[in-house]
Amino acid sequence: MSETLDLFGSEMPEKPAPAAPKTVVAKVQALRAQLQQWAHEYYVLDAPTVPDGEYDRVFQQLQALEGAYPELVTPDSPTQRVIGAVLDGLTPVRHVVPMLSIRTETDNEASGAEAFDARVRRELELDDSAAPVEYVAEPKFDGLAMSLRYEHGKLVHAVTRGDGEVGEDVTHNIRTIRQIPLSLPADAPPVLEVRGEVYMRRADFAQLNERQEAAGGKLFANPRNAAAGSVRQLDSNIAMQRPLSFFAYGVGEVTPVEQGGPDFVTHYGMLMQLKAWGFPVAPQVRIAHGAAELVQFHEFMGQERPQLPYEMDGVVYKVNSLALQRQLGFVTREPRWAVAHKYPAEEMPTVMEGIDVQVGRTGKLTPVARLAPVSVGGVTVTNATLHNLFEIRKKGVRVGDTVVVRRAGDVIPEVVRRVPGERTAYVPNFRMPATCPICGSEVVREKGEANHRCTGGLFCAAQRKEALLHFAARRAMDIEGLGDKLVDQLVDGNVVRSLPDLYRLRLDDLASLDRMAEKSAQNVLDALEKSKSTTLNRFLFGLGIRHVGEATAKDLARHFGTLDAIMAASVEQLLEVRDVGPVVAESIHTFFAQPHNREVVQQLRECGVHWEEGAPAEKAPQILAGKTVVLTGTLPTMGRDEAKELLEAAGAKVSGSVSKKTSYVVAGAEAGSKLTKAQELGVPVLDEAGMLALLRGEDV
Ligand code: IVH
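Residues numbered from 1 in each chain as written. Predicted model: local features only at pLDDT ≥ 70, side-chain atom pairs only at ≥ 80, totals over all residues. Heavy atoms only, no water.

The name recorded for the protein in an unreviewed UniProt entry is DNA ligase, from Comamonas kerstersii. Database annotation for the protein, UniProt heading Catalytic activity (unreviewed entry): "NAD(+) + (deoxyribonucleotide)n-3'-hydroxyl + 5'-phospho-(deoxyribonucleotide)m = (deoxyribonucleotide)n+m + AMP + beta-nicotinamide D-nucleotide." On record in UniProt, under Function (unreviewed entry), the comment for the protein is "DNA ligase that catalyzes the formation of phosphodiester linkages between 5'-phosphoryl and 3'-hydroxyl groups in double-stranded DNA using NAD as a coenzyme and as the energy source for the reaction. It is essential for DNA replication and repair of damaged DNA." (UniProt positions renumbered as here; feature names shortened; annotations may be inferred.)

Chemist: For this particular structure, what's the right way to read the nonpolar core?
Modeler: Here is a general trend for soluble globular proteins: nonpolar side chains tend to be buried in one another's company. Counting residues in hydrophobic clusters, the biggest one holds 65 residues, and the most contacted among them are Met146, Leu148, Ile174, Val198, Phe246, Leu274 and Phe279. Listed in part, the 56 residues of the second largest apolar core include Leu468, Met477, Ala521 and Phe541. (Core = buried A, V, L, I, M, F, W, Y, C linked by side-chain atoms within 4.5 Å. Buried < 20%, exposed > 50% of the residue type's maximum accessible area, 1.4 Å probe, protein only.)

Chemist: Sorry if this is basic, but what is going on with helix 9 (residues 267–276) here?
Modeler: Residues lying three or four places apart along an α-helix face the same way, a consequence of the helix completing one turn every 3.6 residues. Buried residues of helix 9: His267, Met270, Leu271 and Leu274, and no others. Down the axis of helix 9, the buried set is contained in an arc of 100 degrees. They therefore lie on one face. Where the residues of helix 9 are buried, they touch strand 3 (134–141), strand 7 (191–199), strand 8 (245–254), strand 10 (312–319) and helix 11 (322–328). Downstream of helix 9 by a residue or two, Gly278 has a phi angle that is positive, lying close to 110 degrees. (Helix = DSSP H or I, 4+ residues; strand = E, 2+ residues; numbered from the N terminus. Arc of directions from axis to C-beta. Contact = heavy atoms within 4.5 Å.)

Chemist: Got a minute to help me understand the packing of aromatic side chains in this structure?
Modeler: Any two aromatic rings considered together are summarised by their centre-to-centre distance and by the angle between their planes. Tallying each qualifying case throughout the model produces 14 aromatic pairs. Pairing Phe116 with Tyr317 gives two aromatic rings, centres 6.2 Å apart and planes at 25 degrees, and the pair type is stacked. In this pair, Phe116 is assigned in helix 4 (residues 111–123) and Tyr317 in strand 10, connecting sequence segments 201 residues apart. The pair Phe116 / Tyr317 is uniform in exposure class, with both members buried. Measuring from centroid to centroid gives 5.2 Å for Phe247 and Tyr310, while their planes differ by 70 degrees, and the two rings are edge-to-face. Of this pair, Phe247 sits in strand 8 while Tyr310 sits in the loop between helix 10 (290–304) and strand 10, and the two are 63 residues apart along the sequence. Of the two residues, Phe247 and Tyr310, neither departs from the other in class, the shared state being buried. (Phe/Tyr/Trp six-rings, centres within 6.5 Å; stacked < 30°, edge-to-face > 60°.)

Chemist: Would you mind going over the sheet that holds strand 23 (residues 628–632) with me for this structure?
Modeler: For sheets, the rule is that strands pair by backbone hydrogen bonds, running either parallel or antiparallel. If you trace the 4 strands from one edge of the open sheet to the other, you get 24-23-25-26, paired in parallel fashion. The two strands at the open ends of the sheet, each matched to only one other strand, are strand 24 (653–655) and strand 26 (685–686). Sheet topology note: the strand 25 (residues 664–667)/strand 26 ladder contains 2 bridges and is parallel. Within strand 26, the residue paired with Val666 across the bridge is Leu686. Strands strand 23 and strand 24 of the sheet are contacted by helix 24 (residues 640–649), whose axis makes an angle of about 170 degrees with strand 23. Here helix 25 (residues 673–681) sits on the sheet and contacts strand 23, strand 25 and strand 26; the angle it forms with strand 23, its principal contact strand, is near 140 degrees. (Pairing = 2+ DSSP bridges. Axes fitted to C-alpha atoms, helices over the stretch in contact; angles between N-to-C directions.)

Chemist: Would you take a moment to explain the layout of surface pockets for this structure?
Modeler: A water-sized probe, rolled over the atoms, reveals where empty space remains. As a volume, the second largest pocket reaches approximately 1400 Å³. Taken together, 45 residues make up the lining of the second largest pocket; nearest its centre are Leu100, Arg195, Gly250, Val251 and Trp337. For the lining of the second largest pocket, the secondary structure elements donating two or more residues are strand 3, strand 4 (144–151), strand 7, strand 8, helix 9, strand 10 and helix 11. In terms of residues, the lining of the second largest pocket owes the most to one element, strand 8, which gives 5 residues. (1 Å grid on protein atoms, 1.4 Å probe; cavity = no way out; pocket = protein on both sides within 12 Å on 5 of 7 lines; lining within 4 Å. Points joined across faces, edges and corners; volume = space filled by probe spheres on them.)

Chemist: Would you mind going over the site of the ligand with me for this structure?
Modeler: The full set close to the ligand counts 14 residues, and Ile102, Glu138, Glu197, Tyr249 and Lys318 are the nearest of them. Within the backbone of Ile102, a nitrogen or oxygen atom sits 3.0 Å from an oxygen atom of the ligand. Between the ligand and Lys318, the relevant distance is 3.0 Å, taken from a nitrogen atom to a side-chain nitrogen or oxygen of the residue. According to the grid-proximity analysis, the pocket containing the ligand is the second largest pocket. Where the shell around the ligand is concerned, the elements lending two or more residues are strand 3 and strand 10. (Near = heavy atom within 4 Å. Polar contact = N/O pair within 3.5 Å; in protein donor to acceptor, adjacent residues only side chain to side chain. Sits in = over half its atoms within 2 Å of the grid points.)

Chemist: Sorry if this is basic, but what is going on with the sheet that holds strand 5 (residues 154–160) here?
Modeler: As summarised here, the arrangement of the 4 strands in space is 5-4-7-8, forming an open sheet in which the pairing is antiparallel. Each of the sheet's edge strands pairs with one partner strand only, and the pair in question is strand 5 and strand 8. Looking at each pair of strands side by side, their axes are set apart by 30 degrees on average, direction ignored. Taken together, the 7 bridges between strand 7 and strand 8 define a ladder with antiparallel strand orientation. Its bridge partner lying in strand 8, Val198 is registered against Phe246.

Chemist: Is there a simple way to think about helix 4 in this case?
Modeler: The terminal C-alpha atoms of helix 4, which comprises 13 residues, lie 18 Å apart, in line with the 18 Å expected from a rise of 1.5 Å per residue. By the burial criterion, the buried members of helix 4 are Gly112, Ala113, Phe116, Asp117, Arg119, Val120 and Arg121. The elements touched by buried residues of helix 4 are strand 2 (103–106), strand 3, helix 10, strand 10, helix 11 and strand 13 (338–342). Trailing helix 4 by a residue or two, Glu125 shows a phi angle of about 55 degrees, which is positive. (Expected span 1.5 Å × (residues − 1).)

Chemist: Sorry if this is basic, but what is going on with a positive patch on the surface here?
Modeler: Side chains of Lys218, Arg474, Arg538 and Lys554 sit close together on the surface and give a patch of like positive charge. Position of Lys218 relative to the elements: it lies in the loop between helix 6 (202–214) and helix 7 (223–231). The class of Lys218 is exposed, set by a relative accessible area of 59%. (Patch = residues over 30% accessible without salt bridge, like charges linked within 9 Å, V, L, I, M, F, W, Y side chains within 5 Å. Areas by Shrake-Rupley, 256 points an atom, 1.4 Å probe, with all protein chains shown as cover. Salt bridge = Lys/Arg side-chain N within 4 Å of Asp/Glu carboxyl O. Lys, Arg positive; Asp, Glu negative; His and termini not counted. Charge placed at Lys NZ, Arg CZ, Asp CG, Glu CD.)

Listed below in structure tokens is the structure:
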């Protein structure tokens, strides 16, 4: 496909003078085939047949030959997993065959499996005497869905699930996953889309977090977040350092049998064929007959779960026969032939030994239960959140009580409820402290809010640390190397008391810190220097104003053009910004009304932080004010969001359904029932060109 090749095209050197001799061509091909086989044995089968040194030697031999004859480099060469280019953004790609979701049942009993089997039998009109239905039972992997498209045996696209219809092209990162073949054996069909889950093994996740911690980088909450974050990187060098894995569990578009494609008869057979073509298939996948064997699998996997090298949150049952799958078909976006049977969140009782109060970046005080260590779903838990004072009251928990703790995949463990029982001694009810446990400032609770907050702002070390980390974050000022460990030392040692202090750091301030060689100290200074040249939206986001996320920061920057205009804006003027409501407007206004915050901004600018300021966005003439427009189908050049934005900027309301009140329907390719309805109701229908003409104020 052109996009992937383009990426390489730009990377490929000019054609060199010497043409490669035939023997070299043959040698290069042989080395590649050898490396591919060894990599498959090592990464997929987990059964290496040669020592690492031997692999490296052959790899270097191939690299040397490719260096001498660059015209022999192909995108699927084992040397070419990292593309090297850093992308500006991820490109949307429409799935030829949509990526569906599956119906989910969550329980620990047989009922989920039995209900599914009963439904399948009913739909297939099988009576009680008919033989048990054959299923395939698989783990439900806790990662992210991926569609890998191979054309003529070469990986051309790796696309995320997205909304099921349109995903994002992440080929550059997926190529770095050694378990995913870049090319397929000769018997693979001309078109093959393999669907499966990209995930991170538990051990790899733990190691990654250790490395992140040592480097002062961000820690990931769980393997799924780590995998998802890695897959969406724009720079494949980063993905390369993230140890990702893959399991295949299905196919998307495949060359049909009539055109020489594979004649898959069963789901299991298809999985085994994928395995033969080099894709990892989970060793736990089983054929199961009838509900009873599904239940057995669910129970068995529930026991295996803590020992598995990867995380899973349930199992998936699929009807094995593809003919029966076709007969069963789909309800809306879910197949009738598959169901996910999840495990309920793990819960365990333990004793609550105390309640600590943590202070977050925004100053929110969170009561955290200190627990007698307890293993919940294979992980030892010693702390669990109690959310806020009202939750504690509602649950009626007191120190010394036995409580039930829940860990549900990603979220921090929480205290669910108290286990009823006599209290042997009087324990007073928990109260929130009147002053911040970190800085001693007054603690307040805003009217109508459940949360208590410290009023210390940047004066509070807890908030200062978080504020610095937020300011330095990749999507804010992007100060590389300024991570947890460094910020802890800088704040605890009172070296950095405010954001501008960062830019006043000198080499010896940093070099005298723990675990900081002069070289890394200089790197941090360089990163700080580099970060001074930024954009208004990054800077605004970095300030950590409550309710101002990345998107709002962008909207504000676009709307006002300059920081001074934002700082001077009234609540009413702020409300004119797209998606800014009263709470957000109030928060921005209050932030800039504080002399302390204005001072911080002023000092940052004096330290040299700068950005290009623009003119405020002109408000487009509201030529479509009062009009309602419905978008349907795929427009030839424009995404739906883009079209919606243009229409809304001109004052139109964009609606999802056609009625007599609809002013226009804009229809693209494969427009369905909305177009029919518009025609029935006599609503004017426009194509993309017509819509653009309308926006220009022309008669349509
Ligand atoms: S099959 C038409 N099999 O679960 C069926 N999905 O809602 C398509 N998942 O995000 C999915 N393990 O990524 C299937 N063994 C498995 C799975 C699995 C995890 C995820 C999948 C998707 C969600 C489906």
